[in-house]
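Spelled out from the first residue to the last, the chains are:
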2 protein chains.
Amino acid sequence: MKIIFLGTGSGMPTLERNVSALALIFKEKNKIWLFDCGEGTQQQLQKAALKLSRIEKIFITHIHGDHTFGLPGLLASRGLQGGKEANKLQIFGPEIVEDYLNLIQDITRTYFPYPIEIKTIPADSTQGIIYEEEKFLVRYLKLFHNVKSFAYAVEEKKERKHFLIEKARQLNIPPGPVYRALKNEDRVCLPDGRVLEGKDFIEKFAQKRKIVICGDTYYSQELVNFAQGADLLIHEATFSQKEEDLAQKNFHSTPVLAAKIAREAGVKELILTHISSRYNSRNKGEVKEEDLLKEAQEIFKDTFLARDLMEFSI
Amino acid sequence: MKIIFLGTGSGMPTLERNVSALALIFKEKNKIWLFDCGEGTQQQLQKAALKLSRIEKIFITHIHGDHTFGLPGLLASRGLQGGKEANKLQIFGPEIVEDYLNLIQDITRTYFPYPIEIKTIPADSTQGIIYEEEKFLVRYLKLFHNVKSFAYAVEEKKERKHFLIEKARQLNIPPGPVYRALKNEDRVCLPDGRVLEGKDFIEKFAQKRKIVICGDTYYSQELVNFAQGADLLIHEATFSQKEEDLAQKNFHSTPVLAAKIAREAGVKELILTHISSRYNSRNKGEVKEEDLLKEAQEIFKDTFLARDLMEFSI
């Protein structure tokens, strides 16, 4: 799996950081899950050479414009690109996302020529499972913001297996039914008399991958459990710790608060995003973006600062 | 005055052409009037180094998303940039624009910390004056599209005067009250005995400038009168004349239809915009963007093809 950050700014876009969106890319299936969709997300996807038709699911953390104003345009363009043949799309998020999309379609006479299924988080629910398939499930957790805002955890359900095709080729094993049997970990007798054990051709990854992607939030104690043991935690860090009062007042976080969550949850890596434009190099403030990273790294060493179009493999 | 094209594509953005928007810039007053606001317009304004606080009025031609999906984000960012001190903004357009903005604010909990005055075109009106001030007025005309779509004409009301300051300096006339009197075209007696006639220091421009900016439309006979004698007509040309059937079916224009309007209205210059992505160089179609320009120039020589961030002085 691979993540591409499409927008890493907060509130309003700048030339360096567009508003919130990130793409989770499943290499095997050539499919994309999008998390949030601020204005200009479809343009960012073009810059990243990611086709709209590959987007299979969109998860919205909360309704604020810097996370949703790109949704109507993206959905409309996906239809223009793919026409009626564009495949079905699923959208997950707080209940209000459904009202938002219905009203936009109605008022602006926008028509999506492919099926859209909207599955919303029940009004009184603070955590649960919003989506489940054979290999993955997605949990949600309500965070601590001035509108309903959620974190999503994408969790692998089973250990992954990798068939060692090169090993099979080197042993001159003929492709076809024999390969399939080996992949199933069966024992195989070849016409030339050799006996092969399927398990010798399978590499297993015991670690089930888990990625946690948070919406806007102040420090949330519940997130520590929710993110427990994750390979990657993506958390907002809108304000510097020097402006923690502003963070608290506006229900946002600082690098220090995010790093505390990462440490307490025992995650492997932390990426900070949703960075305020006040810290960019054109502004004359004392604190710069590099300082945000340092603030977090003092508490949690394996912290990174997101940048637009940055890729991260898991 | 100067025009900067912010988005010159049609329907969906491409890497070369964002969706519709253009800025009319009044050099004297440092103010901007925006015409349409497709998704990503605020990002385009940043690329053109135009501040949101300078936007004084926004004219919306019609409600379709590729002309309006950037409006909520732009208005929100204008507040974040300027805070409560951001000056008043006026928005003009079809009635539905008011519903659109009210619902977006309500659903996404977006707050604009400065006054917004929305003045809509009366439901049954096909033409009239929507705005008037000392030096300019703005007329509207209903076009021929599948939703209510309008053209706007920005017309200078009086002849312009230019004070020949260099001439005054060369004659060693002291600045201050004498300059003011000359600007008023008064007769002035200098202490050294010279008698000056104000009119000798004024250059007059008899031509009152007129710019016509059209929303989406098929060929509109009414537009010929409306655009009569304009310095500049900005008209859509979504499809090539080779696909005139598509243009007609979708209530759009071709370069040939736009050029006929320009010729019949006796305008000075025509700029084609709202260009379909099907003609860009990455597509393998027979017709290219250069061909669109040629189609129009065969009928109206002084035609230009808009490009994103292109500037045009009037």
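Attention here is on the structure that accompanies the text. (Residues numbered from 1 in each chain as written. Chains lettered and ligands numbered in written order. Predicted model: local features only at pLDDT ≥ 70, side-chain atom pairs only at ≥ 80, totals over all residues. Heavy atoms only, no water.)

1. Observations regarding unusual backbone geometry
Residue and element names in this part refer to chain B. Residues other than glycine seldom take positive phi values, yet Phe-251 does so here, at roughly 60°. By secondary structure assignment, the location of Phe-251 is in the loop between α8 (244-249) and α9 (255-265). We classify Phe-251 as partly exposed; its relative accessible area is 26%. In the Ramachandran plot, Leu-309 falls in the positive-phi region, its phi being about 70° despite a non-glycine side chain. (Helix = DSSP H or I, 4+ residues; strand = E, 2+ residues; numbered from the N terminus. Buried < 20%, exposed > 50% of the residue type's maximum accessible area, 1.4 Å probe, protein only.)

2. As for the packing of aromatic side chains
This structure, assessed with the given rule, holds 32 aromatic pairs over all chains. Ring centres of Phe-59 of chain A and Phe-92 of chain A lie 4.7 Å apart, and the angle between their planes is 10°; on these two criteria the pair is classed as stacked. Taken together, the positions of Phe-59 of chain A in strand β4 (residues 55-59) and Phe-92 of chain A in strand β5 (residues 89-94) put the pair 33 residues apart, joining distant regions of the chain. When sorted by exposure, Phe-59 of chain A lands in the same class as Phe-92 of chain A, which is buried. Across from the ring centre of Phe-26 of chain B, 4.9 Å away, lies the NZ or CZ of Lys-31 of chain B, which sits over that ring. Over the ring of Phe-201 of chain B we find Lys-167 of chain B; its NZ or CZ atom is 5.1 Å from the centre of that ring. (Phe/Tyr/Trp six-rings, centres within 6.5 Å; stacked < 30°, edge-to-face > 60°. Lys NZ or Arg CZ within 6 Å of the ring centre and 35° of its normal.)

3. Points about the pattern of salt bridges
All told, the structure shown has 42 salt bridges over all chains when counted by the stated rule. With a shortest N-O distance of 2.7 Å, Glu-197 of chain A and Arg-187 of chain A are connected by a salt bridge. With Glu-197 of chain A in strand β12 (residues 195-197) and Arg-187 of chain A in strand β11 (residues 187-189), the pair connects residues that are 10 residues apart, well separated along the chain. Using a relative accessible area of 24% as the deciding quantity, one classes Glu-197 of chain A as partly exposed. Arg-187 of chain A sits in the exposed class, given a relative accessible area of 60%. With a closest N to O distance of 3.3 Å, Glu-185 of chain B and Lys-204 of chain B form a salt bridge. Here Glu-185 of chain B, found in the loop between α6 (177-183) and β11 (187-189), pairs with Lys-204 of chain B, found in strand β13 (residues 202-205); they are 19 residues apart in sequence, far enough to count as distant. We classify Lys-204 of chain B as partly exposed; its relative accessible area is 44%. Salt bridges linked by common partners bring Lys-31, Glu-56, Lys-57 and Glu-133 of chain A together as one network. (Salt bridge = Lys/Arg side-chain N within 4 Å of Asp/Glu carboxyl O.)

4. Some thoughts on the sheet that holds strand β6 (residues 116-121) of chain A
Residue and element names in this part refer to chain A. Spatial strand order, β6-β5-β4-β3-β2-β1-β18: 7 strands in an open sheet with mixed pairing. Here the strands that pair on one side only, and so sit at the sheet edges, are β6 and β18 (311-313). Along the sheet, successive strands turn relative to each other by an average axial angle of 20°, direction set aside. Against the sheet, helix α4 (residues 96-108) contacts β5 and β6, and its axis sits at roughly 125° relative to β5. (Pairing = 2+ DSSP bridges. Axes fitted to C-alpha atoms, helices over the stretch in contact; angles between N-to-C directions. Contact = heavy atoms within 4.5 Å.)

5. Observations concerning the sheet that holds strand β14 (residues 210-214) of chain B
Residue and element names in this part refer to chain B. One open sheet holds the 7 strands; their spatial order is β7-β8-β9-β14-β15-β16-β17, and the pairing between them is mixed. Each edge of the sheet is formed by a strand with only one pairing partner; in this case those strands are β7 (127-132) and β17 (303-305). Between one strand and the next, the sheet's axes are offset by a mean angle of 20°, whatever the strand orientation. Sheet analysis places β7 next to strand β8 (residues 136-142), joined by 5 bridges and oriented antiparallel. Residue pairing across strands places Glu-132 opposite Leu-137, the latter belonging to β8. The strands that α9 touches are β15 (232-236) and β16 (269-273); relative to β15, the one it contacts most, it runs at about 155°.

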